[in-house]
Amino acid sequence: MKVYAIPGLGTTKKLFVNTHFINAELIALNWPVVEKNDDMKSYARKFLQQIDTSTPFCLLGVSFGGMLCAELAQLCSPKKLF
């Protein structure tokens, strides 16, 4: 299973360097470019292109990344949301 992670605003994927799961691959997502008219839902939607939704997956978010994961969970169907 894959766990897609979004770090907090102002941090990088290095936040997850010591985060490991048994039987799961952690994939830190890249921050998409924010457009002037983006709201939370439209910005969260931009992360979808980095997520393989054809197989079971989980979402993990820290701080603002957690808020985005909550929005993403409404757009796709993660097994778990952390």
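See the structure printed just above.
These notes cover the structure that comes with them. Sequence order sets the numbering: in each chain, residues are counted from 1 along the sequence as written. Totals for whole chains, interfaces and linings use all residues, but because this is a predicted model, local features are given only for residues with pLDDT of at least 70 and pairs of side-chain atoms are given and counted only at 80 or more. In computing side-chain values, all of the structure's heavy atoms are included and hydrogens and water are not.

## Looking at the overall build of the chain
Turning to step 1, where the next piece is worked out: Helix and strand definitions here come from DSSP, where helices need a minimum of 4 consecutive H or I residues and strands a minimum of 2 consecutive E residues; each element is numbered from the N-terminal end. The helix and strand inventory of the chain stands at two helices and four strands.
Turning to step 2, where the next piece is worked out: For the chain, the sequential pattern of α-helices and β-strands runs β-β-α-β-α-β.
Turning to step 3, where the next piece is worked out: The globule rule used here is 2.2 Å times the number of residues to the 0.38 power, and the radius of gyration it is set against is calculated over C-alpha atoms. Whereas a compact globule of 82 residues would reach a radius of gyration of roughly 12 Å, the chain reaches 12 Å, a difference of no more than 12%.
Turning to step 4, where the next piece is worked out: By principal-axis analysis of the C-alpha atoms, the chain measures approximately 40 × 25 × 15 Å.
Turning to step 5, where the next piece is worked out: Evaluated residue by residue, the chain yields a buried proportion of 32% over its 82 residues.
Turning to step 6, where the next piece is worked out: Residue contacts are counted whenever heavy atoms from the two residues lie within 4.5 Å of one another. In the chain, 47% of the contacts between residues at least 6 apart in sequence involve partners at least 24 apart.
Turning to step 7, where the next piece is worked out: Each accessible area is a Shrake-Rupley result for a 1.4 Å probe, and residues are judged covered by the shown protein chains and nothing else. Per element, the accessible surface of the chain, about 5200 Å² overall, is 56% carbon and sulfur.
Turning to step 8, where the next piece is worked out: A gap of 4 Å separates the mean positions of the 9 positive and 6 negative side-chain charges of the chain. Any residue under 20% of the maximum accessible area for its type is buried, any over 50% is exposed, and the rest in between are partly exposed; the area is computed with a 1.4 Å probe on protein chains only. Residues scored as charged are limited to Lys and Arg (positive) and Asp and Glu (negative), so that His and the chain ends carry no count. Lys charges are placed at NZ, Arg charges at CZ, Asp charges at CG and Glu charges at CD.

## Remarks on the packing of aromatic side chains
Turning to step 1, where the next piece is worked out: Whether two aromatic rings pair depends on their centres lying within 6.5 Å, for rings of Phe, Tyr and Trp, where Trp uses its six-membered ring; planes under 30 degrees apart make the pair stacked, over 60 edge-to-face, and the rest tilted. A complete count under the given rule lists five aromatic pairs for this structure.
Turning to step 2, where the next piece is worked out: Arranged with centres 5.5 Å apart and planes meeting at 85°, the rings of Tyr-43 and Phe-47 form a pair that is edge-to-face. Per residue, the accessibility class of Tyr-43 equals that of Phe-47, and both read buried.
Turning to step 3, where the next piece is worked out: One aromatic cluster in this structure is built from Trp-31, Tyr-43, Phe-47 and Phe-64.

## Remarks on the pattern of salt bridges
Turning to step 1, where the next piece is worked out: The salt bridge criterion pairs a side-chain nitrogen of Lys or Arg with a carboxyl oxygen of Asp or Glu, the two atoms within 4 Å. Tallied over the full model, the rule gives two salt bridges.
Turning to step 2, where the next piece is worked out: Ionic pairing is found between Asp-38 and Lys-46, a salt bridge with its closest N-O pair at 2.7 Å.

## Remarks on the side chain of Glu-71
Turning to step 1, where the next piece is worked out: Looking at the element boundaries, Glu-71 is found in helix α2 (residues 64–75).
Turning to step 2, where the next piece is worked out: Ignoring anything within four residues of it in the chain, the contact list for Glu-71 reads Met-40, Lys-41 and Ala-44.

## Comments concerning the sheet that holds strand β1 (residues 2–6)
Turning to step 1, where the next piece is worked out: Two strands are counted as paired when DSSP detects at least two bridges linking them. Across the sheet, which stays open at both edges, the four strands sit in the order β2-β1-β3-β4 with parallel pairing between neighbours. At either end of the open sheet lies a strand with only one pairing partner, and these are β2 (25–28) and β4 (80–81).

## Examining the environment of Cys-58
Turning to step 1, where the next piece is worked out: Considering the arrangement of structural elements, one finds Cys-58 in strand β3 (residues 57–61).
Turning to step 2, where the next piece is worked out: Each C-alpha atom of the pair Cys-58 and Glu-35 lies 26 Å from the other, and the pair is 23 residues apart in sequence.
Turning to step 3, where the next piece is worked out: Among all residues touching Cys-58, those that are not within four sequence positions of it are Met-1, Lys-2, Val-3, Tyr-4, Pro-78, Lys-79, Lys-80 and Phe-82.

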